[in-house]
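A closer look at the structure
This is what each chain is made of:
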Amino acid sequence: MQVYLVGGAVRDRLLGRAVRERDWVVVGATPDELERAGYIPVGRDFPVFLHPKTKEEHALARTERKTGPGYRGFVTEFSPAVTLEDDLRRRDLTINAMAEDASGALVDPYGGQRDLAARVLRHVSDAFAEDPVRILRVARFAARYAPLGFRIADETLALMRRMVTDGEADALVAERVWAETEKALAEDRPDVFIQVLHDCGALKVVYPEIDALFGVPQPAKWHPEVDTGVHQLLSLREAVKLGGGVGVRFAVLMHDLGKALTPADVLPSHHGHETAGVAQVEALCTRLRVPNHLRELAVITARYHTHVHRALEMRPDTLLKTLESCDALRRPERFADFLLACEADARGRTGLEARAYPQREYVSRAREAAAAVQMTAEERAGLSGEKIGQELRRRRVAAIAAIKEESTRG
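The following refers to the structure shown. As the structure is a prediction and not an experimental result, all values here were calculated from the model. (Residues numbered from 1 in each chain as written. Predicted model: local features only at pLDDT ≥ 70, side-chain atom pairs only at ≥ 80, totals over all residues. Heavy atoms only, no water.)

**A look at the overall build of the chain**
- Each helix and strand in the chain was counted, giving 19 helices and eleven strands.
- Principal axes of the C-alpha set define a box for the chain whose edges measure 85 × 55 × 35 Å.
- The 410 residues of the chain split such that 50% are buried.
- Summarising the internal contacts of the chain: among those between residues at least 6 apart in sequence, 64% fall at separations of at least 24.
- If you sum the accessible surface of the chain, you get close to 19100 Å²; carbon and sulfur atoms cover 50% of it.
- Each charge class in the chain can be summarised by its mean position, and for the 59 positive and 61 negative side chains these summaries are 4 Å apart. (Helix = DSSP H or I, 4+ residues; strand = E, 2+ residues; numbered from the N terminus. Buried < 20%, exposed > 50% of the residue type's maximum accessible area, 1.4 Å probe, protein only. Contact = heavy atoms within 4.5 Å. Areas by Shrake-Rupley, 256 points an atom, 1.4 Å probe, with all protein chains shown as cover. Lys, Arg positive; Asp, Glu negative; His and termini not counted. Charge placed at Lys NZ, Arg CZ, Asp CG, Glu CD.)

Written out as structure tokens, the structure reads:
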């Protein structure tokens, strides 16, 4: 029995990145032998075991044979005769198909170290085309390693396109699409994930609402980049620069979906795209089973982002209505994320990335002023609930008016 460290741990060590988890492949053993050695079986589809002390995953070397469409149409085969090279050959990218033996020596039968040096994401073999999830994984790796200068090999991108044309991407299920998307949104360049899926044609399959934005024009006066799809990618980059988390990044990605529904005869104007976009966001989130907290932030961003852009011109009572519609007084943290998404939208325009966006601070201060308004028990005495509500509202409008006047003087 021989044990090898494989995959991401080897890749990241060679890149000088922190190793987050370690996976192992066991060659020359049977499940019974591992169990007798104290390993704990946990694999459902193929033999995976937890080490009796470290609890790290150890999988028996295996091969896979395609028997049907999609990523589940495989038969897994394992035996002591399966070699390490056999196991590595079934992996997606050459940079993930390296191993280290017990002495730390590198085993690299498919040129992973060479591709690391060349900053290339390249598929190991034609077996790549048998699993459509690999389209999403390659796009995610491209998002992760873009800051290091990595690119997808031409032949790998061509293979991904062929997989889409052959209908393999149609077999992707909601859970896998969202799982890979959520991971990609946490990377340094989530815009690359979307760009790669668009380039290979898979975006139209898994995110048709986003794909439809590419080629849709906007007024050059406000959007020098013109193309709405390009604007989404630029805004996503700005969300990262501003420190937005996954929720903010997803909301930014969703904020302009309504523009794909604008009638051709009124382009490049997009009046009413905010309301139109809400239904698109809701449908997408339902289809992919997006967590509710992300859905809610995306919905209010789609519906109200232009309200924030116009906030400096709004009457105080109108701004209060927007705050109430976003439930800003009760949910300040979510509202702060919403304002961050609005700023990312404003900055995600070619040549305007550094333009000042005072609306975010102004609206945030207005929310704080409105939330601070209180009525004592004495002030509430003798008033009906309706009258109390009216008085609170009057005071909140006055508090926002004071912030507006102060901002105007400043």
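**Points about the layout of surface pockets**
- Approximately 680 Å³ is the volume attributed to the second largest pocket.
- Those elements that provide at least two residues to the lining of the second largest pocket are α13 (273-288), α14 (292-309) and α16 (332-347).
- A total of six residues in the lining of the second largest pocket trace back to one element, the largest contributor, which is α14.
- Taken together, the residues of the lining of the second largest pocket break down into eight nonpolar, 13 polar and eleven charged. (1 Å grid on protein atoms, 1.4 Å probe; cavity = no way out; pocket = protein on both sides within 12 Å on 5 of 7 lines; lining within 4 Å. Points joined across faces, edges and corners; volume = space filled by probe spheres on them. Nonpolar A, V, L, I, M, F, W, Y, C, P; charged D, E, K, R; others polar.)

**Comments concerning the pairing of strand β5 (residues 57-60)**
- Taken together, the three bridges between strand β2 (residues 23-27) and β5 define a ladder with parallel strand orientation. Of the residues in β5, the one forming a bridge with Trp24 is His58.
- The pairing of strand β4 (residues 48-50) with β5 spans three bridges and is classified as antiparallel. Across the sheet, residue Leu50 finds its bridge partner in β5, namely Glu57.
- From the end of β4 to the start of β5, which pair antiparallel, there are six residues, and Lys55 there has a positive phi angle of about 65 degrees. (Pairing = 2+ DSSP bridges.)

**So, the packing of aromatic side chains**
- Enumeration according to the criterion identifies four aromatic pairs in this entry.
- For the pair Trp178 and Phe250, a centre-to-centre distance of 5.3 Å together with 80 degrees between the ring planes defines the contact as edge-to-face. Linking Trp178 in helix α7 (residues 174-185) with Phe250 in helix α12 (residues 246-254), this pair joins segments that are 72 residues apart in sequence.
- For Trp178, a relative accessible area of 6% gives the class buried.
- Residue class for Phe250 comes out buried when judged on its relative accessible area of 1%.
- Seen in terms of ring centroids, Phe335 and Phe338 are 5.4 Å apart; in terms of plane orientation they differ by 45 degrees. Their pairing is tilted. Of the two residues, Phe335 and Phe338 both sit in helix α16, three residues apart, roughly one turn of that helix.
- Classification of Phe335 by relative accessible area gives buried; the value is 3%. (Phe/Tyr/Trp six-rings, centres within 6.5 Å; stacked < 30°, edge-to-face > 60°.)

**A few points about the environment of Arg65**
- Within the secondary structure layout, Arg65 lies in strand β6 (residues 62-66).
- The class for Arg65 is partly exposed, based on a relative accessible area of 44%.
- Measuring from C-alpha to C-alpha, the distance between Arg65 and Gln374 comes to 68 Å, with 309 residues separating the pair along the chain.

**Points about the nonpolar core**
- Ranked by internal contacts, the top residues of the largest apolar core, which has 64 residues, are Ile135, Leu197, Tyr207, Phe250 and Met254.
- Ranked by residue count, the leading element in this core is helix α5 (residues 133-145), at nine residues.
- Dropping the residues within four chain positions of it, Met254 is found in contact with Ile210, Gln232, Val281, Leu284, Ala298 and Ala302.
- Counting 36 residues, the second-largest nonpolar core is a separate cluster that includes Phe335, Met375, Ile388 and Ile400. (Core = buried A, V, L, I, M, F, W, Y, C linked by side-chain atoms within 4.5 Å.)

**Things to note about the side chain of Arg347**
- The topology assignment puts Arg347 in helix α16.
- Look past the residues within four positions of Arg347 in its chain and what remains in contact with it is Glu238, Leu242, Leu352, Glu353, Ala354, Arg355, Ala356 and Tyr357.

**A look at the environment of Leu261**
- With respect to the helices and strands, the residue Leu261 is situated in the loop between α12 and α13.
- Spatially, the C-alpha atoms of Leu261 and Tyr39 are 56 Å apart, while their sequence positions differ by 222 residues.
- Setting aside its immediate chain neighbours within four residues, Leu261 contacts Ala276 and Gln280.

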